[in-house]
Amino acid sequence: ILFVGNNYYLKGLDLLLEAASQLKEVTTIFVAGPSKLDKKLNIRISKLPKKIQIIILGSLQQNALFDEMRKCDILVIPARAEALGVSVMEALAQGIPVITSGEGGLKEVLEGYPSICSDQNNLDPSYLAKNINLVLNEYFQYEQIFLTKRVGVLNKFTVLNMISKLYLTYGI
């Protein structure tokens, strides 16, 4: 599992860590973002079952982040607030299954994907754990969905399309 975020609270790292204690499989969670965790997160990590390993990657350059995404099975960002979700779009462009809260622009980015992938209920750690377990247990099915939709993401979020939408939205 990969988590990406500069603001651990807004991106929901605490929610993912709480959900991790309910995961059925032995799991490693890679955390990309600031290398320093606050005291509460460190305490939460220390209380996780031994089957859950947390690896703090620190801040990564873009290429290193893409490499980490290619190695992961799933990107999980249960964000409390999100403007657009660039990391989510980057994972989608690589065909990687994603689970988010659907906050802000995440709902639009994940439009057409299975509803568990952008469900506001994922802000509840028990619900989030259930959905992570589901995707990991039925990984091949979810991977196929995301790989199939990869081309649509690549076409939908081109620079030209994004600029055109800005012009249309703001009447520039």
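See above for the structure.
## Let's talk about the packing of aromatic side chains
Step number 1: Tallied over the full model, the rule gives 2 aromatic pairs.
Step number 2: Residues Phe 3 and Tyr 8 carry aromatic rings whose centres are separated by 6.2 Å and whose planes lie at 45° to one another, so their mutual orientation is tilted.
Step number 3: Across from the ring centre of Tyr 9, 3.9 Å away, lies the NZ or CZ of Arg 80, which sits over that ring.

## Considering the packing of helix α4 (residues 62–71) against helix α5 (residues 86–93)
Step number 1: Two elements in contact, α4 and α5, have axes separated by 10 Å at closest approach and are oriented at 55°. Judged by the inter-axis angle, α4 sits oblique to α5. Between α4 and α5 the crossing geometry is right-handed. Across from Gln 62, Leu 65, Phe 66 and Met 69 in α4, the residues of α5 making contact are Ser 87, Glu 90 and Ala 91.
Step number 2: Its residues assigned to classes, the contact of α4 with α5 comprises 4 nonpolar, 2 polar and 1 charged.

The rules behind each value
Residues numbered from 1 in each chain as written. Predicted model: local features only at pLDDT ≥ 70, side-chain atom pairs only at ≥ 80, totals over all residues. Heavy atoms only, no water. Phe/Tyr/Trp six-rings, centres within 6.5 Å; stacked < 30°, edge-to-face > 60°. Lys NZ or Arg CZ within 6 Å of the ring centre and 35° of its normal. Axes fitted to C-alpha atoms, helices over the stretch in contact; angles between N-to-C directions. Helix = DSSP H or I, 4+ residues; strand = E, 2+ residues; numbered from the N terminus. Parallel < 35°, antiparallel > 145°, perpendicular 65-115°, else oblique. Left-handed = near helix turned anticlockwise from the far one by under 90°. Contact = heavy atoms within 4.5 Å. Nonpolar A, V, L, I, M, F, W, Y, C, P; charged D, E, K, R; others polar.

So far we have only geometry, and geometry alone does not tell us how the molecule works.
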